[in-house]
Structure formats: C-alpha cells, structure tokens
Amino acid sequence: MVTRGDVLLDSPLSKVGGKGLFVKELELALQEDRADIAVHSMKDVPIAFPEGLGLVAICEREDPHDAFVSTHYENIDALPQGAIVGTSSLRRQCQISARRPDLIIRSLRGNVGTRLSKLDAGAYDAIILAVAGLKRLELTSRIRQIIPAEISLPAVGQGAVGIECRLDDNKTRQLLSALNHDETEVRVRAERAMNIRLDGGCQVPIGSYALLQGDELWLRALVGSPDGREIVYGERRGPRDQAEQMGILLADELLERGARAILAEVYQQSRPL
Ligand SMILES: NCc1[nH]cc(CCC(=O)O)c1CC(=O)O
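What you see is a predicted model; the values in this text were computed from it and never measured. (Residues numbered from 1 in each chain as written. Predicted model: local features only at pLDDT ≥ 70, side-chain atom pairs only at ≥ 80, totals over all residues.)

## A short note on the domain arrangement of the protein chain
Where interface size is quoted, it is often the accessible area lost as the parts come together.
Part 1: The domain architecture assigned to the protein chain consists of domain 1 (1–59 + 160–180), domain 2 (66–147) and domain 3 (182–273).
Part 2: On a C-alpha basis, the centroid separation for the pair domain 1 and domain 2 is 27 Å. (Domains from an automatic or database assignment.)

Pasting the structure below:
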C-alpha cells in the first residue's frame, strides 16, 4: 500500500501528520477488512491503538543504532569545522550538536534512496540514517560508522518491526505469536513505557534504549533541546518483568530533572499551521 506518508515523504507536510501518517492508513485497511495484518517499524507506531486493533508480535530487533553516512569522512569526529550534516530528526540533531556544536544541521527528507542521492549530489558532508533501514535495503556498505549509543541514543523501538492485527482475529493472532521475539518485546515495552509517560510525540528530541543483560534490563533515556545545549539523561536497571514500571519511573525522574521544561519549550515551537 502506498500511504499518504509515502506520498508526502519529501514535503514538510509529512512533519505535521508525523509518523502517524504511515500507520493510520494501514490501520484503516485492517478495520475495513482490506488487510489482515499491518507491518510497521516500531519507531513509527504511535502510543495508542484504534478500538479493536493492537500489536500482536514484535520481531527480533535489527541493529538499533544510528548510522553515520558520508563520502569523505570516517565518523562524526573526523568532520571538519562547520561541516553540513543532514537529518530531520530532532533526536539526532540534538545529540550530534551536543557532541559537535560547530556542525551545521540541515533538514533531510525523502525515503532512504532519495536521502543518499542528496548526499551523493554534494548537498551534505554527512547524513545520519538508521542502521536497520540501511541493512534491510542492503545498503550496509554505505555505513561509515555505527554511532555508539553513548553518542546517539537510539529512538524508541528503532530497528524493531511490529505486527498489528484485529484483536478478535484469533486465527491470525495465533499464527503471528510465533514471530514474537521475547527479548525484543521486553526491551521495546520498556522504551515505549518511558515515551508514553513523557507524552512524547514523534517531533521531540527523545532517546530511549533498553538492553537485556541476562535477566536484568538496562534502560537509558534522554530528553534534549533541539540545539543540543540541554540534555537530561538518566538510566535505570531492574528485573525484566518490571520493564514498563522502569520506563515510567525513569520518565518521571527525567521530567523532575528538567525534561518537563524542555518538552514544553519544544511543543511551543513546533505548533505552526
Ligand atoms: N524515521 C523514519 C524511519 N522509521 C523507521 C526507519 C528505519 C529503521 C527502523 O526500522 O527503526 C526509518 C528511517 C531512519 O530513521 O533512518
């Protein structure tokens, strides 16, 4: 299906509907029985589901990190002073700017192929994309650096694919349950719980990344200003069966420590049209 999200990919309008644009039309198809399952990047799946629909499987996660892609430079630190970096993600912009305040961030839209062409045409010195997206498109050779989480904390659910269906469709649910990957599910549940508590839409600089170390879950999260001057970072460790609780507690901690003020500011600025 070609969704409005795909059609508007290159337009600033895609920002208005946000990631919801891709997901909503597929959900409508589920509700109208034009589709039985919808496959989404978990990163793009909104907090709430329409009546009667829900996620029934989260598949094994691909590499969740961000990728540094450039023709001439090996990594972020190798970029010359004042180099131009392409990304339209506030989360990436915030973290790249925090590490390298001298860099100039320019908006970069379109699907992955379009974005790479813009880099190749010389419009940017480097661009930032998801490792997972490049791998799935067999464009791994374009990755110059897998950006460590310490430099760019991934987005909620990045690299994971989720499958949604009608909740009363027991046959399909049963078939899909075999595709669920328990470790990925618990990590993504912690990340999403943190985001839900922050009431984080898609256009806010929020990173949330969970790792499992044995049965211990390690959740890291941050909220920052788009210019990277302010970043509130926190982390928590706990048993995996408390994934959601940990996300909520970490969000509350960040809100207390300054995230509330940052988010209020970002929402104020991003209310155009
Ligand atoms: N923001 C759009 C988006 N949503 C999912 C992916 C691919 C990676 C994934 O599945 O998490 C991308 C592209 C990107 O961020 O570079």
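## Describing the pairing of strand S3 (residues 66–69)
Within a regular strand, the side chains alternate between the two sheet faces.
Part 1: Residue alternation in S3 divides its side chains into two sets, Asp66 and Phe68 and Ala67 and Val69, and both sets are buried.
Part 2: Of the strand pairs in this sheet, S3 and strand S7 (residues 145–147) are connected by three bridges, and their pairing is antiparallel. Within S7, the position partnered with Ala67 by the bridge is Ile146. (Buried ≥ 20, exposed ≤ 12 C-beta atoms within 10 Å, placed from the backbone. Helix = DSSP H or I, 4+ residues; strand = E, 2+ residues; numbered from the N terminus. Pairing = 2+ DSSP bridges.)

## What to know about the environment of Leu137
Part 1: Structurally, Leu137 can be placed in the loop between helix H6 (131–136) and S7.
Part 2: When the C-alpha atoms of Leu137 and Arg240 are compared, they prove to be 32 Å apart, with 103 residues separating the residues in sequence.

## Quick word on the sheet that holds strand S5 (residues 104–106)
Part 1: Pairing is mixed across the open sheet formed by five strands, whose spatial order is S5-S4-S6-S3-S7. With partners counted over all chains shown, the strands left at the sheet margins are S5 and S7, one partner each. Strand after strand, the sheet turns through a mean of 30° between neighbouring axes, direction not considered.
Part 2: Across the sheet, helix H4 (residues 90–99) touches S3, strand S4 (84–86), S5 and strand S6 (126–130), and the angle it forms with S5 is around 170°. (Axes fitted to C-alpha atoms, helices over the stretch in contact; angles between N-to-C directions. Contact = placed C-beta atoms within 7 Å.)

## Some points on the site of the ligand
Part 1: All residues adjacent to the ligand are Ser41, Lys43, Asp44, Leu129, Ala130, Ala132, Gly133, Gln158 and Gly159.
Part 2: Of the residues belonging to the shell around the ligand, the class tally is three nonpolar, four polar and two charged.
Part 3: Per-domain counts for the shell around the ligand show at least three residues from each of domain 1 (1–59 + 160–180) and domain 2 (66–147). (Near = placed C-beta within 6 Å. Nonpolar A, V, L, I, M, F, W, Y, C, P; charged D, E, K, R; others polar.)

## Side note on the sheet that holds strand S1 (residues 37–41)
Part 1: Ordered in space as S1-S8-S2, the three strands form an open sheet in which the pairing is antiparallel. Every other strand in the sheet has two partners, leaving S1 and strand S2 (53–58) as the edge strands with one partner each. This sheet shows a mean twist of 35° between the axes of neighbouring strands, independent of strand direction.
Part 2: By the bridge criterion, five bridges tie S1 to strand S8 (residues 161–166) in an arrangement that is antiparallel. Counterpart to Val39 in the pairing with S8 is Ile163.

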